[in-house]
Amino acid sequence: MRVYEAIVAGLEDVGVEAAFGGAGENAAGLMLALKHSRRIRPIITRHEQAASFMACGYAMYSGKLGFCFATAGPGAFNLFSGLAMAMSDSYPVLAVSGYAPRKWQGWGSLNETSGLGGTPDSRAMFAATTKKSFLLESAEDTFGVLEEAVNTAFEGRPGPVHLHVPLDLTERGIDVARTRPVRLDVPPVPPDPERVEEIASVLADALRERRRIVVLAGFGAIRSGAGPQIKQLIERFQIPLLTTLDGKGVVSETHPLALGVFSDSGHASAWKAFREADVVLCVGNSLNQHATFNYRRDLFDGKVLIHVNISEIEFRKAYQAEHTLLSDARPAVAALVEALERKVGDVPAADVSGKDYEARHITHLTGRIHPGELAQAIGRLLPARAVLLADAGAHLAWLGYYVDVEEGQNFRKAGSFGPMAGHVNGAIGLKVAHPDRTVVVGCGDGCYSLSGFELMTAVEHDIAVIWIIFDDQEFKLIKLYQLSEYLETGLVEFRNPDFAAYARACGADGYRVETLAEFEDAFRAALGSGRPTVIDARITRWAIPHYSPSPHGVIAGLVETIEDRLRGRDGARHE
């Protein structure tokens, strides 16, 4: 068995069913090994960056290892964006890339990245964008190194790992003599019973004293499958639920105790509940920039912060919690519910405010489609168990604000690394992992233009993703930032092709829509076709996403912004 054949056998052992990669001489043996695999579906992309994003999409909700590969040198370097996304968004991903022959190290051979003789240092670069990067030193180490890499990807907070395979290990005559199964054996991260009792006592005291508690749930709660446990917690103890954008749908957003998204582009009902809370129970989130209004220093003043997370690193970032619980979210919340049952009797119904965004009227300023109404239409028509991905851009704020995610559906934005086109391409990997689920991408025209050519990959492999392009021919968020910061704009407008015609030229379905009715007809057709589809929705430029730099509301946020500018960026409010 040759080295790449051994790697494919090991991937089969741990349940990998798809491989996304770019063609190249250093990956040639891997491509052939994948061709002959009966369990792994190989998908060659137009660009390796897309392969890394597809691996993220594959891992997103499947609980399986995402796998991508590339040749040595520039092909390998194209994987970095997807691996950085996997790092920030907690996806278990393995990347395998070629490596120039070691016998020529330092000579500047083709694709050499040893760091010697004036060549780039790929080992350092992959070490900086993964949990761990490995260099395969000997063919006989293949199964052992692969097993360590795969288990590292899943341990604790999941993330990416990488394996260099030198070309000299793939030469004819070099075999892996001792074969063995690759085992995925990652121990669970259960909660410490003493910490559970401590936190349950704090919560029980707050309930008895009628102090207000809120739960703030993030993607970690979704990835853990903690939805039923969180629903049990909030219903039994009448605790309002807030989520980050990535936590949308952990409990159906139409649930009476679900008060919406807590973030700078979130809902006033969530902001109000947070402001009035005495205790904040954070479950499976990292309290990152947008969920904390740019790491607002007074955010938790006067509140008790309880933080549940699978990674201890999250406890040492911007906010120091009074109580921490290191655990996977699902067993942690289950343990807290059990402990609270022993301490708390009947709890009166929570007094919660209505959801401001449900009745919010959208004013038409032009004849073009309003992006808020486009988001509402997507939400109304989104099928059960569908996944809605939002790429980086203003459309993310519209989708996060106006789409109610029901139980069984999922919503995901590009995370803290925030790559444009991450989900334009990641959706293909997600659909491969979940062929029975509808996968819809809301993306900006800037995002789609970066890598929409992977539509050909979807067509070639019959992967029925639906891309909805919010088309206003400008970089909206950059434009808004320029206006806010510099009081002028520049280099943010561009011309688009006819995306629908392009889609049809590729063999996909394509629709260009200029009214809401046209969009709804096109979306229904796409949902029923089972084909890759691009919907080019021409939206108005004269619409600004719902946003506040303060949890005290839009007006208060504007006043604070003006005060900050008058006193300087490091004004007293942030001291």
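The protein goes by Acetolactate synthase-1/2/3 large subunit in an unreviewed UniProt entry, where it is assigned to Nonomuraea thailandensis. The Sequence similarities (unreviewed entry) comment attached to the protein in UniProt states, word for word, "Belongs to the TPP enzyme family."

Undergrad: It is not clear to me how the UniProt feature "domain: Thiamine pyrophosphate enzyme N-terminal TPP-binding" (unreviewed entry) in the protein should be interpreted in this structure. Could you clarify?
TA: With numbering aligned to this structure, UniProt lists the feature "domain: Thiamine pyrophosphate enzyme N-terminal TPP-binding" (unreviewed entry) at residues 1-110. The straight-line gap between the two end C-alpha atoms of residues 1-110 is 27 Å; of that span, 44% is helix and 18% is strand.

Undergrad: It is not clear to me how the sheet that holds strand S6 (residues 160-166) should be interpreted in this structure. Could you clarify?
TA: One key point about sheets: their strands pair by backbone hydrogen bonds, in either a parallel or an antiparallel sense. Taken in spatial order, the six strands line up as S2-S1-S3-S4-S6-S5 in an open sheet, and their pairing is parallel. Looking along the sheet, the strands with just one partner apiece sit at the ends: strand S2 (41-44) and strand S5 (132-135). Across this sheet, the average inter-strand angle for adjacent strands is 20°, counted without regard to direction. As paired strands, S5 and S6 are joined by four bridges and run parallel to one another.

Undergrad: Explain the pattern of salt bridges to me, please; I cannot follow it from the model alone.
TA: Side chains bearing opposite charge may pair, as long as their charged atoms lie close to each other. Enumeration over the complete set of coordinates arrives at 35 salt bridges. Two residues, Arg180 and Glu147, come together in a salt bridge whose shortest N-O distance is 3.1 Å. With a gap of 33 residues between them, Arg180 in the loop between S6 and helix H8 (193-208) and Glu147 in helix H7 (residues 142-154) connect regions that are remote in the sequence. Its salt-bridge partner being Arg380, residue Glu520 comes within 2.6 Å of it at the nearest N-O pair. Linking Glu520 in helix H20 (residues 516-529) with Arg380 in helix H13 (residues 371-381), this pair joins segments that are 140 residues apart in sequence. Under the relative-accessibility criterion, Glu520 is labelled buried at 17%. Of the residues examined, Arg380 reaches a relative accessible area of 54% and is grouped as exposed. Residues joined by salt bridges that share partners form a network here, namely Glu474, Lys476, Lys479, Glu493 and Arg541.

Undergrad: Teacher, can you tell me more about the side chain of His323 here?
TA: Mapping His323 onto the fold places it in strand S12 (residues 323-326). Apart from residues lying up to four places away in sequence, His323 is in contact with Glu198, Ile199, Val202, Val304, Leu305, Ile306 and His307.

Undergrad: In this structure, what is going on with the nonpolar core? I would like to understand it.
TA: Soluble globular proteins: nonpolar side chains tend toward being buried together. Counting residues in each nonpolar core, the largest one holds 88 residues, and the members touching the most others are Ile230 and Trp467. The dominant element in this core, judged by the number of residues it contributes, is helix H3 (residues 48-62), at 10 residues. Core analysis: the next-biggest nonpolar cluster, separate from the first, contains 35 residues, Ile7, Ile40, Phe67 and Leu136 among them.

Definitions and limits used
- Numbering of residues begins from 1 in every chain and follows the order in which that chain's sequence is written.
- Restriction of local features to residues with pLDDT of at least 70 applies here, the model being predicted, together with a cutoff of 80 or more for giving and counting side-chain atom pairs; totals for whole chains, interfaces and linings are based on all residues.
- Hydrogens are left out, water is left out, and the side-chain values use all remaining heavy atoms of the structure.
- UniProt positions are given in the numbering used here, feature names are shortened, and annotations may be inferred rather than shown by experiment.
- Runs of E in the DSSP output that reach at least two residues are strands. Runs of H or I that reach at least four are helices, and both are numbered from the N terminus.
- Any two strands with at least two DSSP bridges between them are considered paired.
- Simply put, an axis is a line fit to the C-alpha atoms, just over the touching stretch for a helix, and the angle between two N-to-C directions goes from 0 to 180 degrees.
- Take a side-chain nitrogen of Lys or Arg and a carboxyl oxygen of Asp or Glu: if they are within 4 Å of each other, that pair is a salt bridge.
- The buried label goes to any residue with under 20% of its type's maximum accessible area, the exposed label to any with over 50%, and the partly exposed label to all in between, with areas taken from a 1.4 Å probe on protein chains only.
- By the convention used here, residues are in contact when the closest approach between their heavy atoms is within 4.5 Å.
- By nonpolar core we mean a set of buried residues, namely Ala, Val, Leu, Ile, Met, Phe, Trp, Tyr and Cys, connected to one another through side-chain atoms within 4.5 Å.

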